[in-house]
Structures are given as structure tokens and as C-alpha cells.
Amino acid sequence: MSASLLILIPLLPLAGFLINGIGFPNIPKGAVGIIGTLAVVASFVLSVMTFNAFVAAGSQPFIVPLFDWITVGDLNIPFSFQVDQLSLLMLMIITGVGSLIHIYSIGYMHHDSGFGKFFAYLNLFLFFMLLLVLGSNYVIMFIGWEGVGLCSYLLIGFWNKNTNYNNAARKAFIMNRVGDLGFLLGIFTIIATFGSVEYTEVFSKAAAGFQVGDPVIITITLFLFVGAMGKSAQIPLYTWLPDAMAGPTPVSALIHAATMVTAGIYMVIRSNVLYSLAPSTLEIVGIIGGATALFAASIGLLQNDIKKVLAYSTVSQLGYMFMGLGAMAYSASMFHVITHAFFKALLFLGAGSVIHAMSDEQDIRSMGGLRKKLPVTFLTFLIATIAISGIPPFAGFFSKDEILAHVFEHNKILWVIGVLGSVMTSFYMFRLLFLTFFGTFRGTHEQEHHLHESPASMTIPLIILAILSAVGGFIGVPEALHGSHQLAQFMSPLYDLAKTANPAAFEHTSLSHSEEYMLMAVSVAAALISAIAAYVMYVQKGAVPAPDSEEKSGLQRAIYNKYYVDELYDAVFVKPIKTLSNILYSFGEIFIDLIIDAFVKLVSLGAKLLRKTQTGSTGEYVFAMVIGIVVILFWKLLL
Amino acid sequence: MIPNPMMPEVNIPAVIQHIPLQSYLILSTLLFVIGIIGVLTRRNAIIIFMSIELMLNAANLLLIAFSSYRSDPSAQVFVFFIMAVAAAEVAVGLAIIVMIYRNTRNTDIGFLNKLKW
């Protein structure tokens, strides 16, 4: 695999962005979709080629240097790409799911006047995301990190005529800024400690020169984790993600479910040497992940907006991944990233298909009985629901179960939280499915008349993703089920350095097979029971969530209003800052303006007097000039 | 240098030096002052323009005179440059005057007093 082809992987989407972005709105819609999609599909093909070449060459990681970027004193930051197991897996997810979502967007966004702009932003997002995972040092990762944040902002506020959407975009941007500050501080600490930001150098120095639990390493990992909290929507920085659903649905699928929000997990796995050296950070990661998983899942139980439910589900699933990371189950978390990318992208695209058919209605209280009108959407949505609920043999079962097994080894309380979260996940997902596709139609007459299955450009990605959600789990079948877990084997070289640095943490306290079977049985039973509960409630009894006007009991109201976290943040952070800026503003009004006004008055007074000399008569000007020359001559010659 | 039979060799600096330097000074001062008076008193743009040329040539004359008396040829080179630039300036200046005439139907600069406070 030559280096130039590797460079093309991020450059193709960039080219797509430039063509569609500069050409907007002069390029015809047909061409825009083809250009944008082809760029990503070509990237995907190149990624697959790179992957095959990498495996054929014996899975040796390598670095492709492009140019020297920053050289200051002893610090040298090259611009180079690193190809190894982790970056290749991320490449495949990003370009693969990205291609499908681009194809889907051709159908979904067809009627939008910003069609070209939309594709340009999507391509730009992919460029930054690929940069993020391909870079061979933390600074390139940071460029990608900021770039995807920017694209997320642009795409959340894509329909920028709506003030609420713009506010959601700003909220996402500012919340991410808080996390980015942590990430940046982490990078600075890395530079101060190791004198380099290159992964290979930092990790080899860390593994060689630092003890387990070294305070410096703990500081670095905590700072980096703050960055991950922001990007991957963990408590306390998660509130932006549900609001981010203001963007078009393909954006929610690509950026806010499948790829960008997993950047935090990618970063932790990438820094696994550092995290393995900092067990106390891992504890925090695990606890925050578990808390987020449970908390977000409980909010998801009572939401009525189809995309909001999926958003809280995403937050909750990201919590699972961090829980896995906390238990040092890096491969299992990556496994969940992959399967989650499949089924969550599918869920969002399915929701998009429903919204499309319902003429932009998102409230599940107005849906119902759609399974006959939208058979393809229904079937694929069903598969995704089963997958996310963790019912075998679909993808979510294997990955979630692996995480839960590792968590069980590590911390029993977290495992209980995980199972509780999984019960809730199964309940709210089946609730969503039943309310949307079963029962009778509850929308307006016009909507019912308009109902139709989506065009092929939308259903084909759904079908492909459904197949992947169904069989994707087989890349990581655990030993207990007579599998060989190819994914874990493929990824194991990534942890070699961490194993030498902290061998104790990697000692296998392997569960016996019977214990594993028991854990699986518990989580599958839990998921099935809550699925059945949802069926009884919403299909047999035909319950429909109450309209907003109806009084709710205390706890219900708290959950329905997302535990008032937004209101809390508003009171604690937003309002004081607004008050402070108002005070500073009035200070500026009084003092600074006074001084400036005085100068302005002085100048305008002088100008009023002096402008009388501009009479407009050429004779007078010439006379003044001659007088001036004479004066200068006298002054020079005689004085 | 090859002697040219058609043109008997004339020592130009010597010819110039027949007349005392003071006369040149007086003549060019006179020309210059006439030019200034012309610029200040006349209202016709073309006359003003000619007066400016007069001032320019007064300066040229003085340069030539000094150049001969001091045996320094660089001033003569300088004069050539001034003449070349003056030619260009005349072209531009006359073009402007023509445009003014087309717009206002006369060349009186007293009419061009629109640019004032």
C-alpha cells in the first residue's frame, strides 16, 4: 500500500467539500450528490485496500511521514499518519457508514434548498474525522477533534432560520469547548512531561519511565478524559447531544451516533498505555460511564420525540463503552463502537425514513401502525431494536455482553448498573418500536394520506445496515460460545506496550464458562422481560403517552423534563455569566465610552474649523502652494 | 571619436560660456516668475498649463547653464528626463482639459469649485 493512496483517503472528501462548497449553489443537484458520495465511497474502497494490504503484510503498524510541521526548540511535531489496527478499524467504520449515509442523504435531503451545502459539510466532516483517526500524534488528533466539532456545529444549525436550532448548535459548540480545554491541557502536560506528542515516543517513554499510578500520568489521563467527556457526551457534559438532534437526521446518524461521538473512545483506546498506568483514572472513567449509561437510559424511558429517544440511547450506549474502558476492556469497547455504529446509524436512518413519510412529524404520539405502510423501514428498525437491546444473535448482544462480562470481573456494582441500564434500553427501544409501527395511526388525516415508503436510495442503506447489525457481532464471538473472537485477536498487538508497563492489570482473572453463560442469561433475560413488558403495555393495552398538558406525578415529571439538568446548568452557569457580562457591558458603556466620546468630539470640532480652508477654488490652492514653497525656501536658505 | 566633415566640431560649453552665468540666472528667474504670475492670475486652464511649462523650462535652462559652467554632464541627462516626463504630463494634462471642456463647455477653472467643504 503506497503512501500516496493513503493520503488520498482524507483528501478525497476534502476535494468533495471544495467542489461542492465553492460550487454551491451553481452545481446541479444530481451532480452534487454524485460528487459528494463518490468521494466517500472512493475513500472507503481505499480504506479496504489499505486494510487488506495491512493484513497481508503481517499486521505491522507503520507511520507515513508527510512533512515536518512544527519545530520549536526541542519539540518537533511532524505531520504524519499512523496506520495500525485501531486507525484501520476506525477508517472502515467512518468511510463505510459514511458512504451509506451519503447515499441515504441523496434521497432524504432531496427537497432541501441547501442540498449542496449539506453535502459539502458532510464531506468536510469526514475529512476531519479521518484526520483525527489517521494522525500519528496528539496535535493532529486535536486538529481533527476541533474540525469535527466545527462541522457538528454547522450541521446542527443547518436549518439556520430557526432560532432554537441555532441555540442547539451553539450549545454543542460551547459544551465541546469546555471538554476541549481539558484535552488541550492534557496535550500540554504531555509535551511538558515527554517532550513529544508522537504516540510511539510518548507511549514508549511512559511505559519505560513511569510507575503504575504516577501522579503525572493520572493528571494527563484525567485531562484527556475531560476532552472525551465533552466529545462523547458523558456526564456532566452530555446535554448538548440530545439538543443536537435539531440537525438533519442523516447528520444525527453519522456525526451524533456513529462516528464523531466515538472520538473520545478512540482517544482513550489510543492512549491505552497511559490509561493502563493510571488505575485511579480508569475507576473514574468506569463510574462516569456507568452513571451516564443508567442516567441517560432512564431519561429515554419517557421521551416522546423519536429522535430524542435515540439521542438519549446514544448517550447511554456511549456510557457503556466508557464503562468497558474503565474495566480495561479496550477491545470490547471498540467492538461496541463498531456494532453501535451499525445499529444506531440504522435506527437514526430508519427514524429519518419515518419522519420523511410523516411529513416532518417527530412525535411518536402521532404515529402508530406504520408497519404496513413502511415495511422495509419497519423490518430494518426491528432488527436494529433487537440488536441494541442485546438479544442474541444480533450484533449488540456480543459487544454489550463482552463489556458487561469485563465489568463484572472488575466491579460488581457497576455490572448491576449496566444490567439495569440494559433493561431500560430494551424497554425504551421496544416502546419506541411499538408506538411507531404498531397499533392504529394517530396522526392527522393528511399525514395518513401522504404515508409512503421511502425511495430506494434511502431503503438500500437501511437494508445494508440491517444486515450488518444482524451479523456484525460474529467478528467477536467469545470463547465461551466456541468462537475465536477475531476482533480481540486482531487488536491485541495494540496493548503490548501497556502489558509491559502494567502487567498486573492484564493478568487474566478469566471467568469460567459457566459464569459467563450465567451473565449472558441474566442480561438476555432482562432484555427479553422488558421487551415483553413494553409489548404488554403498548400493544396489548394500547397505552399512548399522555399529552404534555396532562399532570404527571413527581418522578415522572422529573424524568420527562430530563431531571431539570438543563435548567440547573442554566441557573448555575449561564445566568451568572450573563449577569457578569451585563455588568461588564455597563461598565464599558459608562467609562470607556466616555473617554472615546471625548476624543471623538475633539476631533470633530477640529475638523469643523479646518475644513473651511477647502474652498474648492483652484486659484486659492495654487496661491497657497506658492506661498508654501516660498516659506520653505526662505526657511531653508536664510535661516 | 570620428570627426564628421558635415558638422564642424563646435564646443557647446564654450559657446554657452560666452554669456556670463548671471544672465542665465536672471533670464530663468524672469521666466519662472512669469510662469508663477501666469498660474496665479489667469483663469483659463490652458494658459495656466502653458505657464507651468514655462516654469519647467526655466528650471531646465538653469540646469544646462550650471552644467556647462561646472563641466558636469549629469545635469544634461537630468534635463532630458525632465523633458520626457513633461511630454507625458502634457499628454495627460491636455486630455484632462479636453474632458473638462466637454463637460463644462469652457476651460475656466473658476467653475471647478465643486470639491469643497
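Small disclaimer: the values here were computed from a predicted structure and weren't measured.

**As for the overall build of chain B**
- Helix and strand counts for chain B come out as 4 helices and 0 strands.
- Sequence-ordered secondary structure for chain B, helices as α and strands as β, is α-α-α-α.
- For chain B, whose C-alpha radius of gyration is 19 Å, the value lies well above the compact-globule estimate of 13 Å for 117 residues.
- Each of the three principal axes of chain B carries a C-alpha extent, and together these read 60 × 30 × 25 Å.
- Relative to its 117 residues, chain B shows a buried fraction of 11%.
- Once local pairs closer than 6 in sequence are excluded, the contacts in chain B between residues at least 24 apart make up 50%.

**Quick look at the overall build of chain A**
- In terms of regular secondary structure, chain A is built from 27 helices and 2 strands.
- Dimensions along the principal axes, computed over C-alpha positions, put chain A at roughly 115 × 70 × 50 Å.
- Within chain A, the proportion of its 639 residues that are buried is 49%.
- Of the contacts made within chain A by residues no fewer than 6 positions apart, 81% connect residues no fewer than 24 positions apart.

**Overview of the UniProt feature "transmembrane region" (unreviewed entry) in chain B**
All names here are of chain B.
- UniProt tags residues 20–40, 47–66 and 78–101 as "transmembrane region" (unreviewed entry).
- End-to-end, the C-alpha atoms of residues 20–40 are 31 Å apart, and along that stretch the chain is 95% helix and 0% strand.
- Between the first and last C-alpha atoms of residues 78–101 the distance is 34 Å; the span itself is 100% helix and 0% strand.

**Brief notes about the packing of helix α14 (residues 306–326) of chain A against helix α18 (residues 412–437) of chain A**
Residue and element names in this part refer to chain A.
- Running from amino to carboxyl end, α14 crosses α18 at an angle of 160°, the nearest separation of the two axes being 11 Å. Between α14 and α18, the crossing angle belongs to the class labelled roughly antiparallel. When you trace α14 past α18, the crossing you get is left-handed. Between α14 and α18, the contacting residues are Ile306, Val309, Ser313, Ser316, Tyr320 and Met323 on the first element and Leu414, Gly418, Gly421, Thr425, Tyr428, Met429, Leu432 and Thr436 on the second.
- Grouping the amino acids of the contact of α14 with α18 by side-chain chemistry returns 8 nonpolar, 6 polar and no charged.

**Some points on the interface of chain B and chain A**
- Counting residues at the interface gives 10 residues for chain B, matched by 11 residues for chain A.
- In terms of residue class, the side of chain B that touches chain A is made up of 7 nonpolar, 1 polar and 2 charged.

**Some points on unusual backbone geometry**
Residues and elements named next belong to chain A.
- A cis amide bond links Phe24 to the next residue, Pro25, at an omega of 0°.
- Here Pro25 shows up in the loop between α1 (3–23) and α2 (29–56).
- Cis peptide bonds are those with omega within 30 degrees of zero, and the linkage from Ile235 to Pro236 qualifies with 5°.
- Along the chain, Pro236 falls in the loop between α8 (215–231) and α9 (240–243).
- A positive phi is found at Met328, a non-glycine position, where the angle reads about 60°.
- Counting through the fold element by element, Met328 comes out in the loop between α14 and α15 (330–357).
- Of note in this structure, Ser359 is not a glycine but carries a positive phi near 55°.
- Among the structural elements, Ser359 can be located in the loop between α15 and α16 (375–389).
- On the basis of neighbour counts, which here come to 13 C-beta atoms within 10 Å, the residue Ser359 falls in the partly exposed class.

**Let's talk about the packing of helix α3 (residues 45–70) of chain B against helix α4 (residues 74–104) of chain B**
All names here are of chain B.
- The N-to-C vectors of α3 and α4 enclose an angle of 180°; their axes lie 10 Å apart at closest approach. Here α3 is positioned roughly antiparallel relative to α4, judged by the angle of their axes. Seen from α3, the contacting residues are Ala45, Ile46, Phe49, Glu53, Leu56, Asn60, Leu63, Ile64, Phe66 and Ser67; seen from α4, they are Ala75, Gln76, Phe78, Val79, Ile82, Ala86, Gly93, Ile97 and Ile100.
- Residues belonging to the contact of α3 with α4 are distributed by class as follows: 14 nonpolar, 4 polar and 1 charged.

**As for α2(A)**
Residues and elements named next belong to chain A.
- If you check α2, its first and last C-alpha atoms are 41 Å apart, about what 28 residues at 1.5 Å a residue would give, namely 40 Å.
- Of the residues making up α2, those classed as buried are Val32, Gly33, Ile35, Gly36, Thr37, Ala39, Val40, Ser43, Phe44, Leu46, Ser47 and Thr50.
- For α2, the secondary structure elements touched by its buried residues are α1, β2 (75–83), α3 (85–108) and α4 (115–134).
- Downstream of α2 by one or two residues, Gly58 has phi in the positive range, about 90°.

**Quick notes on α15(A)**
Residue and element names in this part refer to chain A.
- Here α15 is 28 residues long and its end C-alpha atoms lie 40 Å apart, about the 40 Å a rise of 1.5 Å per residue gives.
- The principal kink in α15, of about 30°, is found at His340.
- The buried fraction of α15 is high, at 26 of 28 residues.
- Positive backbone phi, approximately 55°, marks Ser359, located one or two places after α15.

**Here we look at the pairing of strand β1 (residues 62–72) of chain A**
Residue and element names in this part refer to chain A.
- In terms of residue burial, β1 counts as a barely covered element, since only 0 of its 11 residues are buried.
- Where β1 lies against β2, 9 bridges are found, and the strand directions are antiparallel. From the neighbouring strand, Asp68 faces β2, where its bridge partner is Pro78.
- The antiparallel hairpin formed by β1 and β2 contains 2 residues in its connecting segment, where Gly73 sits at a positive phi of about 55°.

**Observations regarding the environment of A:Ile388**
Residues and elements named next belong to chain A.
- By the element assignment, Ile388 lies in helix α16.
- For Ile388, a count of 32 C-beta atoms within 10 Å translates into the label buried.
- Separated by 253 residues in the primary sequence, Ile388 and Gly135 place their C-alpha atoms 31 Å from one another.

**A few points about the nonpolar core**
- Of all hydrophobic cores here, the largest spans 198 residues; its most connected members are A:Phe125, A:Met129, A:Leu130, A:Ala345 and A:Leu346.
- Of all the elements, α4(A) adds the most residues to this core, at 17 residues.
- With 6 residues, the next largest nonpolar core counts B:Val39, B:Ala45, B:Ile48 and B:Ile109 among its residues.

**Digging into the environment of A:Phe343**
- Turning to its location among the elements, A:Phe343 is positioned in helix α15.
- When the C-alpha positions of A:Phe343 and A:Leu462 are compared, they lie 9.9 Å apart, and in sequence the two are 119 residues distant.

Conventions we followed
Residues numbered from 1 in each chain as written. Chains lettered and ligands numbered in written order. Predicted model: local features only at pLDDT ≥ 70, side-chain atom pairs only at ≥ 80, totals over all residues. Helix = DSSP H or I, 4+ residues; strand = E, 2+ residues; numbered from the N terminus. Rg over C-alpha atoms; globule rule 2.2 N^0.38 Å. Buried ≥ 20, exposed ≤ 12 C-beta atoms within 10 Å, placed from the backbone. Contact = placed C-beta atoms within 7 Å. UniProt positions renumbered as here; feature names shortened; annotations may be inferred. Axes fitted to C-alpha atoms, helices over the stretch in contact; angles between N-to-C directions. Parallel < 35°, antiparallel > 145°, perpendicular 65-115°, else oblique. Left-handed = near helix turned anticlockwise from the far one by under 90°. Nonpolar A, V, L, I, M, F, W, Y, C, P; charged D, E, K, R; others polar. Expected span 1.5 Å × (residues − 1). Bend = angle between axes of the 7 residues up to and from the residue. Pairing = 2+ DSSP bridges. Core = buried A, V, L, I, M, F, W, Y, C linked by C-beta atoms within 7 Å.

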